[in-house]
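Overview (structure and organization)
The lines below spell out each chain.
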Amino acid sequence: MFSFSFGTLTLNLTLALFALVCCPGYGEKAFKVHVRPKKLTVKPKGSLEVNCSTTCNQPEMGGLETPLNKTLLAEQTQWKHYLISDISQDTVFHCHFTCSGEQVSASFNVSVYQPPTQVILTLQPTWVAVGKSFTIECRVPAVEPLDSLTLFLFRGNETLHSQTFGKEAPALQEARATFNSTAHREDGHRSFSCLAVLDLLSRGGDIFHKHSDPQMLDIYEPVPDSQMVIIVTVVSVLLFLFVTSVLLCFVFSQHWRQRRTGTYGVRAAWRRLPQAFRA
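An account of the accompanying structure is given in this report. (Residues numbered from 1 in each chain as written. Predicted model: local features only at pLDDT ≥ 70, side-chain atom pairs only at ≥ 80, totals over all residues. Heavy atoms only, no water.)

Along its length, the chain carries two helices and 18 strands. Here the chain, with 279 residues, has 28% of them falling under the buried criterion. Taking the contacts inside the chain whose residues are at least 6 apart along the sequence as the reference set, 63% of them involve residues at least 24 apart. Just so you have it, the chain exposes about 18600 Å², and 58% of that area is on carbon and sulfur atoms. (Helix = DSSP H or I, 4+ residues; strand = E, 2+ residues; numbered from the N terminus. Buried < 20%, exposed > 50% of the residue type's maximum accessible area, 1.4 Å probe, protein only. Contact = heavy atoms within 4.5 Å. Areas by Shrake-Rupley, 256 points an atom, 1.4 Å probe, with all protein chains shown as cover.)

Okay, structure coming up:
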């Protein structure tokens, strides 16, 4: 029994030693490749530091695949640290290592973002009657990625409207949100504003907020139709009386002038007559 067990143990050790000598990867467990950090964000033309590592104890080779400029900052047997430069658009990178003839890679995404720096709110018209409609428009120039942007339109602390943008929207364009509302009496005492929120948490980034300058409406009460008719009638009568008085003054002044001129003409003719004809 003892000799059989000892012989079996000797055989197993011999096979294991043979496998290690002939096949260095024999007995190596399935290895993994890791990227740190996994989700990255960067401004246009920015740079990032990326670490590629593996669980393989003695990788044969490894590296980072990217069409962009990369610089190897430091390395050890199981990891490599890179600097990626001049990132101008969303890109997928690949870290890879080869262990015992087998290659394993890990991918990571880099998102280019441009936070909102200007939020413009416009009210059209700014002078509106109670019960009439007006339009609230919010514009945010040059922001990306648009699918991470949300615009909120406020009346005071009340949210009137919110708008998100799909992935199909082109990058670095002007984001725009509009909302039609009806004017109320209390709107003249409330400010309207717009808030732009760029949420990059799902991409490994931060949340950026930008507010617009508040805008106010000039609200007035509409004049009822009956009052409008009365006002128009009174104005028309006054205008008629004014024109009539002007015409009468002109006519009377002309008549008075003609009478005065005629009397003076008779007197002058009488003086020119000879003394014999005056009797």
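There is more to say, and it comes next.
Here we take up the environment of Ala106. Take Ala106: it is sitting in strand S8 (residues 102-112). With 11 residues separating them along the chain, Ala106 and Cys95 place their C-alpha atoms 5.2 Å apart. Beyond its immediate stretch of four places on either side in the chain, Ala106 contacts Val33, Val35, Phe93, His94 and Cys95.

On to the state of the cysteines. In this structure the tally under the stated criterion is three disulfides. At a sulfur-sulfur separation of 2.0 Å, the disulfide partner of Cys138 is Cys194. Between Cys138 and Cys194, the disulfide has an S-S torsion of -80° and is therefore left-handed. Taken as a pair, Cys138 in strand S11 (residues 133-143) and Cys194 in strand S15 (residues 191-199) lie far apart in primary sequence, 56 residues in all. The pair Cys138 / Cys194 is uniform in exposure class, with both members buried. (Disulfide = S-S within 2.5 Å.)

Moving on, we get to unusual backbone geometry. Residue Arg36 is joined to Pro37 through a cis peptide bond whose omega torsion reads -10°. Omega for the peptide link from Gln124 to Pro125 comes to -10°, which places this bond in the cis form. For Pro125, the location among the structural elements is in the loop between strand S9 (120-124) and strand S10 (127-129). The residue Lys45 is not glycine, and still its phi comes out positive at about 70°. Residue position: Lys45 is located in the loop between strand S2 (39-42) and strand S3 (46-54).

With respect to the helices and strands, Ala183 occurs in the loop between strand S14 (173-182) and S15. For the pair Ala183 and Ala129, spaced 54 residues apart in sequence, the C-alpha separation works out to 6.8 Å. Other than its neighbours up to four places away in sequence, Ala183 contacts Val128, Ala129, Val130, Gly131, Lys132, Phe134 and Ile219.

A separate point is the packing of aromatic side chains. Summed over all chains, the structure comprises five aromatic pairs. Pairing Phe93 with Phe108 gives two aromatic rings, centres 5.2 Å apart and planes at 25°, and the pair type is stacked. Here Phe93 is found in strand S7 (residues 91-99), whereas its partner Phe108 is found in strand S8, with 15 residues between them in sequence. When sorted by exposure, Phe93 lands in the same class as Phe108, which is buried. Between Phe134 and Phe192, the ring centres sit 5.7 Å apart and the planes meet at 80°, which makes this aromatic pair edge-to-face. Of this pair, Phe134 sits in strand S11 while Phe192 sits in strand S15, and the two are 58 residues apart along the sequence. Residue Phe134 is classed as buried on the basis of its relative accessible area, which comes to 2%. (Phe/Tyr/Trp six-rings, centres within 6.5 Å; stacked < 30°, edge-to-face > 60°.)

Let us now look at the nonpolar core. Formed by 25 residues in total, the largest nonpolar core has its most connected members in Ile136, Cys138, Val140, Leu149, Leu151, Ala175 and Phe192. Mapped by element, the contributors of at least two residues to this core are S9, S11, strand S12 (149-155), S14 and S15. Among the elements that line this core, the one with the most residues is S11, at five residues. When residues no more than four places from it in sequence are discounted, the contact partners of Val140 are Pro116, Gln118, Val119, Leu151, Gln173, Glu174, Ala175 and Ala196. The next biggest cluster of nonpolar side chains, apart from the first, holds 21 residues, and it includes Cys52, Tyr82, Phe93 and Phe108. (Core = buried A, V, L, I, M, F, W, Y, C linked by side-chain atoms within 4.5 Å.)

We now examine the sheet that holds S14. The antiparallel open sheet is built from three strands, whose spatial order is S9-S11-S14. Each edge of the open sheet is held by one strand with a lone partner, namely S9 and S14. The sheet shows a mean angle of 15° between the axes of neighbouring strands, direction not considered. With five bridges joining them, S9 and S11 adopt antiparallel strand pairing. When the sheet's bridge partners are listed, Leu121 is paired in S11 with Cys138. (Pairing = 2+ DSSP bridges. Axes fitted to C-alpha atoms, helices over the stretch in contact; angles between N-to-C directions.)

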